[in-house]
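Listed below, chain by chain, are the residues.
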Amino acid sequence: MTSPVRTELHEDVLVIISDNPPVNALSAAVRQGLQAGIREGAENDAVKAIVVRCDGRTFHAGADITEFGKPPQQPGLPELLDELEKVAKPTIAAIHGTALGGGLEVTLACNYRIAVPSAKLGVPEVKLGLLPGAGGTQRLPRIVGVEQALQMAVFGNPVSAGAAEKSGLVDKVVEGDLADAAIAFAREVASKDDHPVSSTRNDMLPNLAEADRILEEFKQKNGRKIRGFDAPAANMRCIRAAVELPYEEGVKIEREEFMKLMTGDQSKAQRHLFFAERQAAKIDDVPADTPLIDIQKVGIIGAGTMGGGIAMNFLSAGIPVTTVEMRQEALERGRGVVGKNYQGNVKGGRMTEAQAKGAMDLWTGTLDYADLADCDLVIEAVFENMDVKKEVFQKLDQHVKQGAILASNTSYLDIDEIAAATGRPEFVVGTHFFSPANIMKLLEVVRGEKTSKSVLATVMKLAKKIGKVAVVAGVCDGFIGNRMLKPRQVEANKLIMEGAKPWDIDRVFVEFGFPMGPFQMSDLAGLDIGWHRDENRVETLRDELCAKGRWGQKTGKGFYDYDENRRGSPSDEVEAMIAKWAEKEGKEQRHISDEEIRERCLYTMVNEGARILEEGMAQRASDIDVVWIYGYGWPRYTGGPMMWADLTGLDKIVAGLEKHAAEMPEWPMSSLLKEKAASGGTFN
Ligand code: 3H9
């Protein structure tokens, strides 16, 4: 087999070039090739400097994640990089694309780093539940200091070449041809007597007391963002070790911490999500070469919260949008909200004024469906009502050109029924955006019985362009996400009648890792949504909460009482109300354990997920995980509901469901779940 790494001798400069598409991951063959190249350069007296660079779209984007969990192959990256650093000739990393993780660590082991202006550099291991494990936690703080190293390692976000130059991570940003610039740079530094060696540099490290102060401040500021995750704290411990210990001792701590993370469930779960997210973009029976529909212009029906948020996705991506409303005031209001959101982005530094203006300039409002005639895609975002939606689709069918995609932003409704209202059901698809639609990353793409492959492939591609993670769902009530939300909500509502307190249920969810529990969620969304608004008609607990003005956060009280900072505290009034309704319904109040809450609210979700798979409403278990991670705040470090079930043990899930079967006749056991549990199988 030919090596993915070759060398070129340019008189006195040896260039080591890797070419391992798509992202130059540091697989065993690449590491072996790099080692051979390094040795060639070290041993050849004619060589005065060594350049390390990559062909293809990017510098090494990290260790090869597919090798994790398999028997290790030599050379290991840490040993290889120590060897690279010890070469007694100047070494220069020439960076384009993304130098990430192990890739950035390769550059840290070199004496110098140069990069093209578009390059990005980072250590994203934390997103895989890991840490830079090839000396990165020890070398990075020695180059950029503790504060910057913490920022990069604990959040895993890359920095631009320009920012890297400022922090000293990159020695020079070069314009023009990188390969030539690297050779020129190599010759420039070759004549110097000394070259910076990352592992022995100490000039950027503070003393330990100062490092501890920085760490403490960092934890105070960011504690909430990293709650529940193991990897951020491990990254912090290693960076502290870089300050406290010499390099050789620090890397031992790094190795220990890395192995602990690597063999733990959190990293397994987060690595699963990395591949799950990429897999979700693929539709099994839609080939990669399916012809796409060119989307130059998008139409949106409705300028409300949803319609406006959806529009922003396209405007921000440079795609013109025409929005149809019924009244001019609604258009004006919608435009005002979108404009305000963009201003918020400008204030927050996420956009420039010119970009915001550019996006707004692409937006046109109209009261006339005829103005949608030349749109390539129209998304309807009107009221969630079948008759209303059908009427909209009939109009779209009349006005929009043939060959355009007609999409419904529905969260529950039958796409096939909507499609049947048109003469072109193969062009109809569901696009379920999540609120706020300009921020939430998930897009459920609902595949109707007749939706064409071209339409599906186009929507999946477009989703990526507007920064969404798209998952395909079949036509069923609530698709993947909301269908699984139902057992959770129903059981939570039943549990409070049986004696659990809303705040106990919420606490169990928060401890599990959700940002909030179901009752906190209801209070945030508003209990009055869907309420009949007749204060005299009190037939349920919710009717009573609404009739008493307990609409949630917006009225200062819901399931909880809220203070002026919207901090909620348990409400005696609500507790008394629940007790009264329980008595009325003949429900005896008893002590309910946290375990029962988890079993009835979360195991039932897994069961519903299994039924979704059984019915073919999701292509694969990992798609369900992606939906819940990106759409509903399921904690990432568990890998999503189906991966969590796998890690918990499906036999345990089945036993938990069986234990409560009598109280939960609504959720018959999925035969797939039962089968897999019995055979020791898993979903993923
Ligand atoms: C590490 O380095 C540990 C070390 O510190 C210590 C070691 C001792 N490995 O994302 P895309 C595949 S941990 C294997 O769609 P983009 C990916 O699955 C690693 N495969 O492209 C996909 O395959 P497919 C730290 C990888 O342009 C294809 O490449 N590094 C890897 O949207 C295209 O990927 C990271 O965490 C990999 N490392 O984005 C970086 N990376 O076509 C992870 C990608 O079959 N990677 N693949 O679906 C990324 O963030 C993005 O892939 C990147 C490109 C930004 C590079």
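Because the structure is a prediction, the values reported are computed rather than measured.

Turning next to the overall build of the chain. When its secondary structure is counted, the chain shows 27 helices and 19 strands. Its C-alpha atoms give the chain a radius of gyration of 28 Å, near enough to 26 Å, the size a compact globule of 684 residues would have. Considering only C-alpha atoms, the chain reaches an extent of 90 × 60 × 55 Å along its principal axes. A buried classification covers 54% of the 684 residues belonging to the chain.

By the secondary structure assignment, R53 is in strand β3 (residues 49-54). Ignoring sequence-local partners within four residues, the contact set of R53 consists of E8, V15, I16, I17, S18, F59, A94 and A179.

Of the two faces of strand β14 (residues 405-408), both are covered, the one formed by I405 and A407 as well as the one formed by L406 and S408. Here strand β13 (residues 377-380) runs beside β14; their pairing, made up of four bridges, is parallel. Each bridged residue has a counterpart across the sheet, and for L377 the counterpart in β14 is I405. Once the chain exits β13 it traverses helix α15 (residues 386-399) before rejoining the sheet at β14, and the crossover so formed is right-handed. Looking at chain direction, β14 and strand β15 (residues 428-433) are connected through three bridges and run parallel. Bridge pairing in β15 places L406 opposite V428.

Taken together, three strands build an open sheet; the order of strands is β5-β7-β8 and the sheet is mixed. Of all strands in the sheet, those with a lone pairing partner are β5 (98-100) and β8 (159-160), marking the two edges. In this structure, strand β7 (residues 120-122) lies alongside β8, joined through two bridges in antiparallel fashion. Bridge pairing in β8 places K120 opposite S160. Across the face of the sheet, helix α3 (residues 102-109) comes into contact with β5 and β7 while running at roughly 85° to β5.

The next thing to look at is the site of the ligand. By nearness alone, 28 residues border the ligand, and R57, E105, E125, R278 and K282 come closest of all. With respect to the ligand, the backbone of A61 contributes an N or O atom lying 2.9 Å from a nitrogen atom. Side-chain polar atom of R278 to an oxygen atom of the ligand: 2.6 Å apart, as the coordinates give it. Surface burial for the ligand is 74%, taken as the share of its 1,000 Å² of free accessible area covered by protein chains. Counting only elements with at least two residues in the shell around the ligand, the list comes to β5, α3 and α11 (265-280). Per element, the largest residue contribution to the shell around the ligand is three residues, and it comes from α11. Across the shell around the ligand, the residue classes tally to 15 nonpolar, five polar and eight charged.

On to the domain arrangement of the chain, then. Once the domains are mapped, the chain shows domain 1 (5-262), domain 2 (298-476) and domain 3 (501-584). Relative placement of domain 2 and domain 3: their C-alpha centres are 32 Å apart.

Another aspect to go through is unusual backbone geometry. Cis geometry marks the peptide bond from Q74 to P75, where omega comes out at -10°. Note that P75 resides in the loop between β3 and α2 (77-86). Along the chain, S435 connects to P436 via a cis peptide bond; the corresponding omega equals -5°. You can see P436 is positioned in the loop between β15 and β16 (442-446). Although it is not a glycine, F479 adopts a positive phi angle of roughly 55°. The phi dihedral of R566 is positive, around 60°, even though this residue is not glycine. In this fold, R566 is placed in the loop between β18 (560-562) and β19 (568-570). Overall, the relative accessible area of 49% leaves R566 in the partly exposed class.

Attention shifts here to the side chain of S27. In this structure, S27 sits in the loop between β2 (13-18) and α1 (28-43). In contact with S27, not counting residues within four places along its chain, are N20, D64 and E67.

For the structure shown, the criterion picks out 54 salt bridges. In this structure, E544 engages K580 in a salt bridge whose closest nitrogen and oxygen atoms are separated by 2.9 Å. Here K580 lies in helix α22 (residues 572-584) and E544 lies in helix α21 (residues 541-547), a separation of 36 residues in the sequence. By sharing partners, the salt bridges in this structure join E491, K494, E498, R590, E596, R600, E663 and E666 into a single network.

Attention now moves to the sheet that holds strand β4 (residues 91-95). Here we have six strands laid out as an open sheet, ordered β1-β2-β3-β4-β6-β9, and mixed in their pairing. Since the sheet does not close on itself, it has two edges, and those belong to β1 (5-10) and β9 (172-173), each with one partner. Note: β2 against β3, six bridges, orientation parallel. From the neighbouring strand, V15 faces β3, where its bridge partner is V51.

Glancing now at the packing of aromatic side chains. Applying the stated criterion across every chain yields a total of 18 aromatic pairs. Note on W531 and W551: the rings are 5.8 Å apart at their centroids and 65° apart in plane angle, and the pair reads as edge-to-face. In this pair, W531 is assigned in the loop between α20 (518-525) and α21 and W551 in the loop between α21 and β18, connecting sequence segments 20 residues apart. Its relative accessible area of 7% is what places W531 among the buried residues. Connected via pairs of aromatic rings, a cluster forms that spans F434, F509, F512, F514, Y603, W628, Y632, W634 and W644. Stacked on the ring of W551, the Lys or Arg R533 has its end atom at 5.1 Å from the ring centre. Between the NZ or CZ atom of K584 and the centre of the ring of W581, over which it lies, the distance is 4.2 Å.

What follows deals with α11. End to end, α11 covers 22 Å across 16 residues, agreeing with the expected 22 Å (1.5 Å per residue, within 8%). Of the residues making up α11, those classed as buried are Q266, S267, A269, Q270, R271, H272, L273, A276 and A280. Turning to α11, the residues buried within the fold contact α9 (231-244), α10 (247-263), α17 (453-465), β17 (469-473), α24 (621-632) and α25 (641-648).

Here E175 shows up in the loop between β9 and α7 (178-190). Along the chain, E175 and P117 lie 58 residues apart, while their C-alpha atoms are 7.0 Å from each other.

Rules behind the numbers
Residues numbered from 1 in each chain as written. Predicted model: local features only at pLDDT ≥ 70, side-chain atom pairs only at ≥ 80, totals over all residues. Heavy atoms only, no water. Helix = DSSP H or I, 4+ residues; strand = E, 2+ residues; numbered from the N terminus. Rg over C-alpha atoms; globule rule 2.2 N^0.38 Å. Buried < 20%, exposed > 50% of the residue type's maximum accessible area, 1.4 Å probe, protein only. Contact = heavy atoms within 4.5 Å. Pairing = 2+ DSSP bridges. Right-handed = clockwise from strand over helix to strand, strands pointing away. Axes fitted to C-alpha atoms, helices over the stretch in contact; angles between N-to-C directions. Near = heavy atom within 4 Å. Polar contact = N/O pair within 3.5 Å; in protein donor to acceptor, adjacent residues only side chain to side chain. Areas by Shrake-Rupley, 256 points an atom, 1.4 Å probe, with all protein chains shown as cover. Nonpolar A, V, L, I, M, F, W, Y, C, P; charged D, E, K, R; others polar. Domains from an automatic or database assignment. Salt bridge = Lys/Arg side-chain N within 4 Å of Asp/Glu carboxyl O. Phe/Tyr/Trp six-rings, centres within 6.5 Å; stacked < 30°, edge-to-face > 60°. Lys NZ or Arg CZ within 6 Å of the ring centre and 35° of its normal. Expected span 1.5 Å × (residues − 1).

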